[in-house]
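Topology and contacts: notes
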Amino acid sequence: MAGVLLKRSVSVIPVLGVVALIAFMLLRFASGDPVAQLAGDNADPSAIAAIRARLGLDQPLAMQFLNWLWRMLHGDLGTSIVSGQPVTALIAQRVGPTVAVSITTIVFSVVVGVPIGVLAAWRRGGWLDRVAMWTSVTGFAVPTFAIGYFWIYLLSMQLGLFPVQGYVPLSDGLGLFLWHLTLPTLTLSLVYIALIARVARTSMLEVLSEDFVRTARAKGLPERIVVFKHALRNAAVPIVSIVGIGIALLIGGVVVTESVFNLPGLGRLVVDSVLARDYPVIQGVIIVFGGAYVAINLLVDLSYSFFDPRISQQ
């Protein structure tokens, strides 16, 4: 297991390097002269030169990257151009709501999506199978912001069950915390549930046709034991894979969802920073999102050996 962990950990280093390079080049690929845009229309050349020197843009490109990478590895993501605060401090202030809505979305999606996919495969061609597939297609077709506004109109404005906007930290009580996260979670979960349900159905259909499933049924084992104990475990690897891959969808959806529900998370921070051309903050959030995505997929990769011990031997 230790060898597998070391091998997988080393393999993600190039990915993290590419993420860091993309984040670094963001300011250099910006249209026009971003430094002049930051300085304003009335800035004189000396002010522009001062900003360029403060950002380290007066050095050779290779030296800029090495200095930036060295600071990043030591936890220094730079300073916000707009607020003057350290980027790490801004991210720390905003990471709570994003982590909260991400965790509730993943948990809810897995709890709902996997059973739907399993039952749809078990009752292939039945009404549950048709409803599950129709729902999954709808989840992919409807934009995230439209789903969010639908829940706001139905569950908040019409029924008054949940607040329209806002965030309450867990320290203020579990009930209030979950109450404010319900609509954002439902909004993000629809696409994720659709993705998990489709993959779970496909994987289960393949496993249910295997010889060991027919043997288990021939031995007289109860159908629920055959499906949920024997078949589901053998179908788990593709399901776990899509959970990790779906994190990319989740990251993109968080930006939109936090704007719709006015959550003070990293998604809102990205939107505000893009509008203000606060490039150090944008770079910092890209690094955080990229690192989180790589770390989660590493954990998913390591979990394969739990569901299929043969993988750990490869």
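What you see is a predicted model, and the numbers here were worked out from it, not measured in a lab.

This part takes up the packing of aromatic side chains. Scanning the entire structure with this criterion turns up five aromatic pairs. Both rings, one in F24 and one in F65, keep their centres 5.1 Å apart while their planes meet at 70°; by these two values the pair is edge-to-face. Placement of the pair is F24 in helix α2 (residues 13-29) and F65 in helix α5 (residues 61-73), with a sequence separation of 41 residues. With respect to class, F24 is no different from F65; both count as buried. Relative to F177, the ring of Y167 has its centre 6.3 Å away and its plane inclined at 75°; by these criteria the two rings are edge-to-face. Separated by 10 residues along the polypeptide, Y167 in the loop between α8 (144-158) and α9 (174-208) and F177 in helix α9 bring together distant segments of the chain. Judged by relative accessible area, which is 10%, F177 ranks as buried. Members of the aromatic cluster, each reached through a chain of ring pairs, are F24, F65 and W68.

A separate point is the packing of helix α6 (residues 87-122) against helix α11 (residues 223-234). In the contact formed by α6 and α11, the axes pass within 12 Å of each other and the chain directions differ by 120°. Judged on the interaxial angle alone, α11 and α6 are oblique. The handedness of the crossing between α6 and α11 is right-handed. Here V114, V118, L119 and W122 of α6 lie close against α11, whose contacting residues are E223, V227, F228 and L232.

This part covers the nonpolar core. Counting residues in hydrophobic clusters, the biggest one holds 49 residues, and the most contacted among them are W68, I91, I196, M204, L208, V285 and I287. A per-element tally of this core places α9 first, with 11 residues. With residues near it in sequence (within four places) discarded, V285 still touches I91, L266, L269 and V270. Within the second largest apolar cluster, eight residues are counted, among which are I147, W151, V260 and L263.

Okay, the side chain of H180 next. Position of H180 relative to the elements: it lies in helix α9. For H180, a relative accessible area of 14% translates into the label buried. Reaching out from H180, the side chain makes a polar contact with the backbone oxygen of L176 at a distance of 3.0 Å. Those residues in contact with H180 that sit more than four places away from it in its chain are P163, Q165, G166, Y167 and V168.

Bringing α6 into the picture now. If you check α6, its first and last C-alpha atoms are 50 Å apart, about what 36 residues at 1.5 Å a residue would give, namely 52 Å. Maximal helix bending in α6 amounts to about 40°, located at R94; proline P97 follows within four positions.

Okay, the side chain of E258 next. Positionally, E258 belongs in helix α12 (residues 236-260). Summary of buried charges: E258 has no salt-bridge partner, and the nearest side chain of opposite charge, R94, is 6.4 Å away. Here G267 takes part through its backbone nitrogen, which lies 2.5 Å from a polar atom of the side chain of E258. Excluding residues within four positions of it along the chain, E258 makes contact with P97, T98, L263, G265, L266, G267 and R268.

So, on to the environment of R198. Assignment of secondary structure puts R198 in helix α9. Distance from R198 to M133, taken between C-alpha atoms, is 7.2 Å for residues 65 residues apart in sequence. Dropping the residues within four chain positions of it, R198 is found in contact with M133, S136, V137 and F140.

Attention now goes to a nonpolar patch on the surface. A surface patch of nonpolar side chains, about 680 Å² in accessible area, is lined by F150, Y153, L154, M157, L159, L161 and V164. Following the sequence through the fold, M157 ends up in helix α8. Residue M157 is classed as exposed on the basis of its relative accessible area, which comes to 58%.

Here is what the cut-offs are and how they apply
- Residues numbered from 1 in each chain as written.
- Predicted model: local features only at pLDDT ≥ 70, side-chain atom pairs only at ≥ 80, totals over all residues.
- Heavy atoms only, no water.
- Phe/Tyr/Trp six-rings, centres within 6.5 Å; stacked < 30°, edge-to-face > 60°.
- Helix = DSSP H or I, 4+ residues; strand = E, 2+ residues; numbered from the N terminus.
- Buried < 20%, exposed > 50% of the residue type's maximum accessible area, 1.4 Å probe, protein only.
- Axes fitted to C-alpha atoms, helices over the stretch in contact; angles between N-to-C directions.
- Parallel < 35°, antiparallel > 145°, perpendicular 65-115°, else oblique.
- Left-handed = near helix turned anticlockwise from the far one by under 90°.
- Contact = heavy atoms within 4.5 Å.
- Core = buried A, V, L, I, M, F, W, Y, C linked by side-chain atoms within 4.5 Å.
- Polar contact = N/O pair within 3.5 Å; in protein donor to acceptor, adjacent residues only side chain to side chain.
- Expected span 1.5 Å × (residues − 1).
- Bend = angle between axes of the 7 residues up to and from the residue.
- Lys, Arg positive; Asp, Glu negative; His and termini not counted.
- Salt bridge = Lys/Arg side-chain N within 4 Å of Asp/Glu carboxyl O.
- Patch = residues over 30% accessible without salt bridge, like charges linked within 9 Å, V, L, I, M, F, W, Y side chains within 5 Å.
- Areas by Shrake-Rupley, 256 points an atom, 1.4 Å probe, with all protein chains shown as cover.

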